[in-house]
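Reading the structure
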Amino acid sequence: MTTFENVGPASDIAKGTSLQVEVDGVEIAVVHADDDNFYAVRDECSHASVALSEGEVDGCTLECWLHGSRFDLRTGEPSGPPAIDPVAVYPVEIRDGDIYVSTTPSNGVEP
């Protein structure tokens, strides 16, 4: 059974921004994307081990601030080098104005 944890109010994350949270000891970037949906990905670039939550949101991608790789927030796949490996993606639910993030990656990538 998939467990979801409350990580805070949706109103805390403005559209086009992200916030680092910790769920079960894993750092996760929760993103309010330009499509007005919320996404959650492992908050570590698969190329350089830096926080993705510090990067820019563009559409449904999150850019690594260090080398510019972009990760699709829906799949975790990088759009191009230098990153070649995907990041873990976690299911998100909005309940009564709060963001809940699953503790199990939906794309099979281990955190």
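Parameters at a glance
Residues numbered from 1 in each chain as written. Predicted model: local features only at pLDDT ≥ 70, side-chain atom pairs only at ≥ 80, totals over all residues. Heavy atoms only, no water. Core = buried A, V, L, I, M, F, W, Y, C linked by side-chain atoms within 4.5 Å. Buried < 20%, exposed > 50% of the residue type's maximum accessible area, 1.4 Å probe, protein only. Helix = DSSP H or I, 4+ residues; strand = E, 2+ residues; numbered from the N terminus. Contact = heavy atoms within 4.5 Å. Pairing = 2+ DSSP bridges.

What follows is about the nonpolar core. If you look at the biggest cluster of nonpolar residues, it comprises 17 residues, and the most contacted ones within it are V41, C45, L52, L62, F71 and L73. Listing elements by their share of this core, those giving two or more residues are β3 (26-32) and β4 (38-42). Excluding residues within four positions of it along the chain, L73 makes contact with V31, A33, Y39, V41, C60, T61, L62 and V89. A88, Y90, I99 and V109 belong to the second largest nonpolar core, which has 14 residues in total.

Judged by how many residues are buried, β4 sits mostly within the fold: five of five residues are covered. Pairing of β3 with β4 involves five bridges; the strand directions are antiparallel. Within the sheet, the bridge partner assigned to V31 lies in β4 and is Y39. Connecting the antiparallel pair β3 and β4 is a turn made up of five residues, with D36 showing a positive phi of about 70°. Pairing analysis gives two bridges linking β4 to strand β8 (residues 89-90), with the strands arranged antiparallel. The partner of V41 across the bridge, within β8, is V89.

None of the figures reported here should be taken as evidence of function without further support.
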